[in-house]
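Structural characterization, general
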Amino acid sequence: MHIKKLIELIRNSKGQTMSMRRKLMLYMLLLLLTAVGILATAFIATGVIGVDDDRIYEGMHMRLDQEESLINEEIDSIIVQGIDLAQNIGRETQTILTNNNVTIDKLNNNIDTLYDLQSSYYGYMNTAIQMSGASGVFVVLDATANTNIENSDRSRSGVYLRVSNIDLKEQVNKELNLYRGIAEIGRDKGLRMNNQWQMEFDMDRTPFTIPRFKVNDISRSYQLSSRFKLQNMWEEVIMLSVPFTASEGTVYGQCGLELSEALFSLKHPALESEFGALITVLAPYDGENLYVDKGLIGGTQDTFITDKENFKVSGDKRFFKLSGDYGDYICVMKDVKASALPGVIKVSGLSKDEDSDDVSSDIASEGQPQDEIEIAGQKSEDDTESVLGKEYEKEVTWKLCVLIPESDYHAFIRSSRLRWLTIAAVFMIVMLIACLIISRRYVEPIVNGMEALKGTVDGESIKTGYSEIDELIEFMKSKEDDEVIVEEKLPENISILFDNFAENVKKLSPAEWVVMRLYIEGHEIAEIPDLAYISITTVRKHNRSIYEKLEVASRDELMLYIDLFRRCNRLEELTENDTGFTD
């Protein structure tokens, strides 16, 4: 029942006719609502009712589902374009090598053939980067232009193109810069030379290796890397690498596409919500730590989260807590289905199998090959404070996460909980006031009226506030107990009550009439089971039905009506439907 209707009912109650049962039911309903309000207030205050947690959880999971769909599309697009690029580059390489009568193992130092190969790659590479939405594209041949240079076995010829200015609005005709490859070809194609341009790839600084075995199905041989830093650049990227081969499976090299940290951040900006900025993170997870420095992070709008730290993960299956050096975050996460993501990553520090007392560590300069790391002994005073631990491999699963700052989470919970507490408190106060009003206007007058009818209240001035009860009291006091009541002298309200009662009697069933007849004969309830050959339980069941159909609240009220009908000589109206009744 709405509050407005309740207030209107209370205001107009003096002029309305309502049974005592309904009044008591209304009063009990208000008491029940008050109790519910008290419980709700206690539950909200203690956090047992997590309405706001549900809102946050649903909002974060909705964002998580949206981001999952977008990221799967991005990864699928890169994989499809990478495989298509490998197929085209493989066919083109086989054709040119055949025409020049050269095999891949004889391609070293063959400048002319390398020039032809690289020149033929540009069209396919441009198509791949325009169609995929990647930030870069590369092709690496298993050959070098000069075997006489130092570390020539780790130097490989190829082409590397990257988008010069990332603009999500510009999806076609992206301007490309040349990072690796023969400069003359780049100038012929109208490409700008990046200031970090080099002739060939340093394989020690790439996240992939060229297979030395035949690959018969390149569609099953692609792989995504974890995030790494490009040589001599600030940019960090994830790379898809696919081997390109001859028709019989001989590997010519590796090609693929890149997804840069900057592009990912633009494609997945932080979403401002009522409970804080929703940040997207794609990173490997080992069951205890989330390695953000190996993954990608979306826009971080007005937060202190960085992609240079890792988070300690705790929590349950609903919310996870990410604890970091620069702040804590509340997170929801799910597995990423892309099987191309690496299941093993390298991390720095001491593995669980190593002795924690061993303070020796590997000191490596940025980009330095693992086999050139110098082993340091006990730290001396000349050592720097920052010493990198040994790198070791960890098995991981990749997680897509949506997170918000923990401070924003708690601020929203406090604010929302205060709002709910205020609503619950106001509701409880209104219910208490309504209970007091109902108690005074309904319960007390009814009790006083019943006492007056029984003759236990002295004086003739008592008023209950209910016209039918007041008139009945006055009328009964004006008559002697044995005096016959003339029907024409009945008050109008009482006459209406009589007519309604007589009409309702017709609703009684034969079984109920057996009990009703015994009441009319003047028997007490305790006598009925023996007289009617039924149990006391059945008598009570019939009583409830009789009271409900006749709209009376008790046996006293029922007997009052029977007595009035007898004194008005209208008793036959009650018994005319009872074929088994006898005087």
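Below is a summary of the structure that appears in this document. (Residues numbered from 1 in each chain as written. Predicted model: local features only at pLDDT ≥ 70, side-chain atom pairs only at ≥ 80, totals over all residues. Heavy atoms only, no water.)

Here we come to the environment of D328. Turning to its location among the elements, D328 is positioned in strand β16 (residues 327-335). Judged by relative accessible area, which is 27%, D328 ranks as partly exposed. Between the alpha carbons of D328 and E406 there is a distance of 5.6 Å; along the sequence they are 78 residues apart. Those residues in contact with D328 that lie beyond four places of it in its chain are K321, L322, S323, P405 and E406. Engagement of the side chain of D328 in a polar contact is seen with the backbone nitrogen of G324, the distance being 3.4 Å. (Helix = DSSP H or I, 4+ residues; strand = E, 2+ residues; numbered from the N terminus. Buried < 20%, exposed > 50% of the residue type's maximum accessible area, 1.4 Å probe, protein only. Contact = heavy atoms within 4.5 Å. Polar contact = N/O pair within 3.5 Å; in protein donor to acceptor, adjacent residues only side chain to side chain.)

In the structure shown here, the tally under the stated rule is 24 salt bridges. Among the ionic pairs, E288 bridges to K312, the shortest N-O distance being 3.7 Å. Here E288, found in the loop between β11 (276-285) and β12 (289-290), pairs with K312, found in strand β14 (residues 311-315); they are 24 residues apart in sequence, far enough to count as distant. Its relative accessible area of 34% is what places E288 among the partly exposed residues. Residue class for K312 comes out partly exposed when judged on its relative accessible area of 44%. In this structure, E512 engages K549 in a salt bridge whose closest nitrogen and oxygen atoms are separated by 3.0 Å. Linking E512 in helix α10 (residues 510-520) with K549 in helix α12 (residues 536-550), this pair joins segments that are 37 residues apart in sequence. (Salt bridge = Lys/Arg side-chain N within 4 Å of Asp/Glu carboxyl O.)

Our next topic: the packing of aromatic side chains. Tallying each qualifying case throughout the model produces eleven aromatic pairs. Members of the aromatic cluster, joined through ring pairs, are F138, Y160, Y179, F201 and F208. Above the plane of the ring of Y57 lies R318, whose end atom (NZ or CZ) is 4.5 Å from the centre. (Phe/Tyr/Trp six-rings, centres within 6.5 Å; stacked < 30°, edge-to-face > 60°. Lys NZ or Arg CZ within 6 Å of the ring centre and 35° of its normal.)

Moving on, we come to the packing of α10 against α12. Close contact between α10 and α12 brings their axes to 10 Å; oriented N to C, the two are set at 85°. The pairing of α10 with α12 is recorded here as roughly perpendicular in orientation. Side by side, α10 and α12 meet where A511, E512, V515, M516 and Y519 of the first sit next to H542, N543, S545, I546, Y547, K549 and L550 of the second. (Axes fitted to C-alpha atoms, helices over the stretch in contact; angles between N-to-C directions. Parallel < 35°, antiparallel > 145°, perpendicular 65-115°, else oblique.)

Attention now goes to unusual backbone geometry. Unlike most non-glycine residues, N109 shows phi in positive territory, near 70°. Of note, N109 is situated in the loop between α3 (51-99) and α4 (111-132). Residue Y533 is not a glycine yet carries a positive backbone phi of 60°. Among the structural elements, Y533 can be located in the loop between α11 (528-532) and α12.

A few words now on the nonpolar core. Residues I56, M60, L107, L161 and F244 are the most contacted members of the largest nonpolar core, which totals 86 residues. In terms of residue count, α3 provides more of this core than any other element does, 13 residues in total. (Core = buried A, V, L, I, M, F, W, Y, C linked by side-chain atoms within 4.5 Å.)

Attention now goes to the pairing of strand β1 (residues 136-141). Two faces make up the sheet, and in a regular strand the side chains alternate between them. Extensive coverage of β1 is indicated by the burial of six of its six residues. Of the two faces of β1, the one carrying G136, F138 and V140 and the one carrying V137, V139 and L141 are both buried. Bridge count for β1 against strand β9 (residues 251-260) is six bridges, and the pairing is antiparallel. Residue pairing across strands places V139 opposite C255, the latter belonging to β9. In this structure, β1 lies alongside strand β2 (residues 155-163), joined through five bridges in antiparallel fashion. Paired with V140 across the two strands is G158, which belongs to β2. (Pairing = 2+ DSSP bridges.)

A few words now on the environment of P269. Assignment of secondary structure puts P269 in the loop between α6 (261-267) and β10 (271-273). Accessibility expressed as a relative area gives 41% for P269, which makes it partly exposed. Placed 32 residues apart in sequence, P269 and Q301 show a C-alpha to C-alpha distance of 7.8 Å. The contact partners of P269, leaving out residues within four places of it in the chain, are R63, L278 and G299.

Taking 1.5 Å per residue as the helical rise, α12 with its 15 residues ought to reach 21 Å, and the 21 Å between its terminal C-alpha atoms agrees with that figure. Taken together, the buried positions of α12 are occupied by V539, H542, N543, S545, I546, Y547 and L550. (Expected span 1.5 Å × (residues − 1).)

Take the packing of α10 against helix α13 (residues 555-567) next. The contact between α10 and α13 brings their axes to 10 Å, and the two run at 65°. Relative to α13, α10 is oriented roughly perpendicular. By crossing handedness, the relation of α10 to α13 is classed as right-handed. Along its contact with α10, which presents M516, Y519 and I520, the element α13 presents R555, L558, M559, I562 and R566. (Left-handed = near helix turned anticlockwise from the far one by under 90°.)

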